[in-house]
Amino acid sequence: MDYFLTEEQQMIKDLARQIAEEKVAPIAAECDETGRFPREVFQTMGKADLFRVFVPEEYGGLGGGVFELCLVIEEISRACGGTVLGYAATGLGVFPIILYGNAEQKEKYLPRLADGEIIGAFALTEAEAGSDAGNVQAKAELDGDEYVLNGTKQWITNAGEADLYVVIATTDRKKGVRGLSAFIVEKDTPGLSFGKEEDKMGVRASATREVILQDCRIPKENLLGGEGKGFRIAMRTLDMARPGVGAQAVGIAQGALEMALQYARERVQFGKAISSFQGVQFMLADMATQIEAARALVYATARALDSGRASGKESAMAKLFASDMAMQVTSDAIQIMGGYGYMREYPAEKRLRDAKVTQIYEGTNQIQRLVIANHLLKEWAAERK
Ligand code: COS
């Protein structure tokens, strides 16, 4: 399918593919096995200007947006659905600054993020604030010129590895979600520490730990967008980032399809390559069709977001459709590969394990359905006013 990429977008995609094939694919199994965070990949991506693609030009970026971010995420995920998270979660940590940072905050952080010199993270989730993101208990109290942060964030991607954390905490518990605020916390701040490395089913090349805040003092200038804006900042950030989860799912599924195609061409049963059997051909055809449909939705959503013509509805749809698709396609790839697909020796089962989390994080797919339904009902009512 021709998605009419500009010359620059095609270059970004080609460069990401090259890094995926040369640097990511060869270490994917090792990082999956050991849980190692492949920092060297992000240094390579930084040198190749891939962290610049979604940062505005005035802050050292290339001036692209969600679409360019998705192109890179898809290509890296095709090689490893775990490694990509060091990059994708940086996007999640950077969007609040791009969207809500003031000039000083942007000037201070965005050029370094664009250079790939530092990586970011987004700390919203807590033990009692998962789907119910408004139920954040971490608190921030103003004390003179500083905010003092206390609380524990759970399952934070890039925790311990990132240099910069956007943390959501309450500044006024009585106000509920309207009392939440967003803060930039730098890694070396006293009072900031990290929990143990989580042992995950998939995306094992990514770092997932608690972010622990104990009397963590940050300058009051690190408040993003004003007190009480935290929930809105978190929701808008997720609107921008969810197509990236869709792109990750598309990349993982594409990698699985390519494995299944190769296997089907090479595997001989009943005296013929199994690719000559219609039962296998139909599965391959459905897999390819589903991937293309998801890619088209992810790309269209990303482009619409970049031009300010999409709401959270489309982002939720892209994430929902692509992640459900990836679970089906990775499962079908294993089915085509039979016993070989099921064995840990081959990277087919890793893709299914990596795909599973795309249905869970940045809002479960049940939450995406709620978001979509809320938009539908509001649009219906607005049209009839
Ligand atoms: N953009 C801007 N504002 C938004 C918004 C969005 N996408 N979504 C909600 N808001 C605003 C609402 O307009 C409302 O504002 P007012 O108080 O001024 O009316 C406020 O935020 C509260 O919205 P709502 O009542 O819909 O909040 P709920 O507590 O019911 O939560 C869901 C809504 C479930 C959608 C939200 O909690 C959610 O997305 N949960 C999943 C979180 C998630 O993805 N977690 C994964 C971890 S992050 S990696």
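All figures in this text were calculated on a predicted structure; none of them were measured in a lab. Note that residues are indexed from 1 along each chain, following the sequence as it is written. pLDDT decides what is reported in this predicted model: residues at 70 or higher carry local features, side-chain atom pairs at 80 or more are listed and counted, and totals for whole chains, interfaces and linings draw on all residues regardless. Calculated side-chain values reflect all of the structure's heavy atoms, with hydrogen atoms and water omitted.

> Looking at this structure, how should I read the layout of surface pockets?
Over the atoms a probe the size of a water molecule is rolled, and this reveals where empty space is left. Volume-wise, the second largest pocket comes out at about 410 Å³. Space inside and on the surface of the protein is sampled on a 1 Å grid over the protein atoms alone, with a cavity defined as a set of points where a 1.4 Å probe fits but cannot get out and a pocket as an open set with protein on both sides within 12 Å along at least 5 of 7 lines; lining residues have an atom within 4 Å of a point. As for the second largest pocket, its lining consists of 26 residues, and the residues nearest its centre are Ala28, Ala79, Pro347, Lys350 and Arg351. Those elements that place two or more of their residues in the lining of the second largest pocket are α1 (7–34), α3 (66–79), α6 (230–266) and α9 (348–356). Partitioning the lining of the second largest pocket into residue classes produces eleven nonpolar, three polar and twelve charged. Segmentation into domains, and thus their bounds, comes from an automatic or database assignment. Each of domain 1 (7–119) and domain 3 (232–383) accounts for three or more of the residues forming the lining of the second largest pocket. Grid points are joined across faces, edges and corners, and a volume is the space filled by probe spheres set on the points. To qualify as a helix, a DSSP run of H or I must reach at least 4 residues; to qualify as a strand, a run of E must reach at least 2; elements of each kind are numbered from the N terminus. Side-chain classes are defined by residue name, with Ala, Val, Leu, Ile, Met, Phe, Trp, Tyr, Cys and Pro counting as nonpolar, Asp, Glu, Lys and Arg as charged, and the others, Gly among them, as polar.

> Would you mind going over the site of the ligand with me for this structure?
Neighbouring the ligand are 18 residues; Ser131, Arg178, Asp239, Arg242 and Gly363 lie closest to it. Here a polar contact means two N or O atoms within 3.5 Å. Within protein one must be a hydrogen donor candidate and the other an acceptor candidate, and residues neighboring in sequence count only if both atoms are side-chain atoms. Between the ligand and Arg232, the relevant distance is 3.5 Å, taken from a nitrogen atom to a side-chain nitrogen or oxygen of the residue. Taking Arg242, its side chain carries an N or O atom lying 3.0 Å from an oxygen atom of the ligand. Element by element, the count of residues in the shell around the ligand is highest for α6, at seven residues. Here the shell around the ligand is composed, by residue class, of eight nonpolar, four polar and six charged. Counting residues domain by domain, the shell around the ligand receives three or more from each of domain 2 (121–228) and domain 3 (232–383). The nearness test applies per residue and asks whether one of its heavy atoms lies within 4 Å of the molecule or strand.

> Mind showing me how you'd approach the domain arrangement of the protein here?
For an interface, size is often stated in terms of accessible area lost upon the parts coming together. You can read the domains of the protein as domain 1 (7–119), domain 2 (121–228) and domain 3 (232–383). Contacts between domain 1 and domain 2 engage 29 residues on the former and 21 residues on the latter. Here domain 1 and domain 2 share an interface that buries about 2000 Å² over both sides, 59% of which is from carbon and sulfur atoms. It is Phe37, Tyr109 and Ile119 in domain 1 that bury the most area against domain 2; as a group they hold 25% of the surface buried on that side. For this document, the term salt bridge refers to a Lys or Arg side-chain nitrogen within 4 Å of an Asp or Glu carboxyl oxygen. For the pair domain 1 and domain 2, the number of links is two salt bridges. Linking Glu161 and Arg39 is a salt bridge whose minimum nitrogen-to-oxygen distance equals 3.2 Å. Taken together, the links from domain 1 to domain 2 amount to ten residue pairs in polar contact (both at pLDDT 80 or more). Only α1, α4 (84–100) and α5 (103–115) provide two or more residues apiece to the side of domain 1 that touches domain 2. We call two residues contacting when some pair of their heavy atoms lies within 4.5 Å. Buried area adds together the accessible area that both of two parts lose upon being put together, with accessible area traced by a 1.4 Å probe.

> Got a minute to help me understand the pattern of salt bridges in this structure?
When the charged atoms of two side chains lie near each other, side chains of opposite charge can form a pair. On inspection of all chains with the given rule, the structure shows 29 salt bridges. The partner of Asp239 in a salt bridge is Arg236, and the shortest N-O contact between them spans 2.8 Å. Highlighted residues: Asp239 and Arg236, both in helix α6, separated by three residues, approximately one helical turn. The buried label goes to any residue with under 20% of its type's maximum accessible area, the exposed label to any with over 50%, and the partly exposed label to all in between, with areas taken from a 1.4 Å probe on protein chains only. Residue Asp239 is classed as buried on the basis of its relative accessible area of 11%. Accessibility expressed as a relative area gives 24% for Arg236, which makes it partly exposed. Salt bridges linked by common partners bring Asp32, Arg344, Glu349 and Arg353 together as one network.

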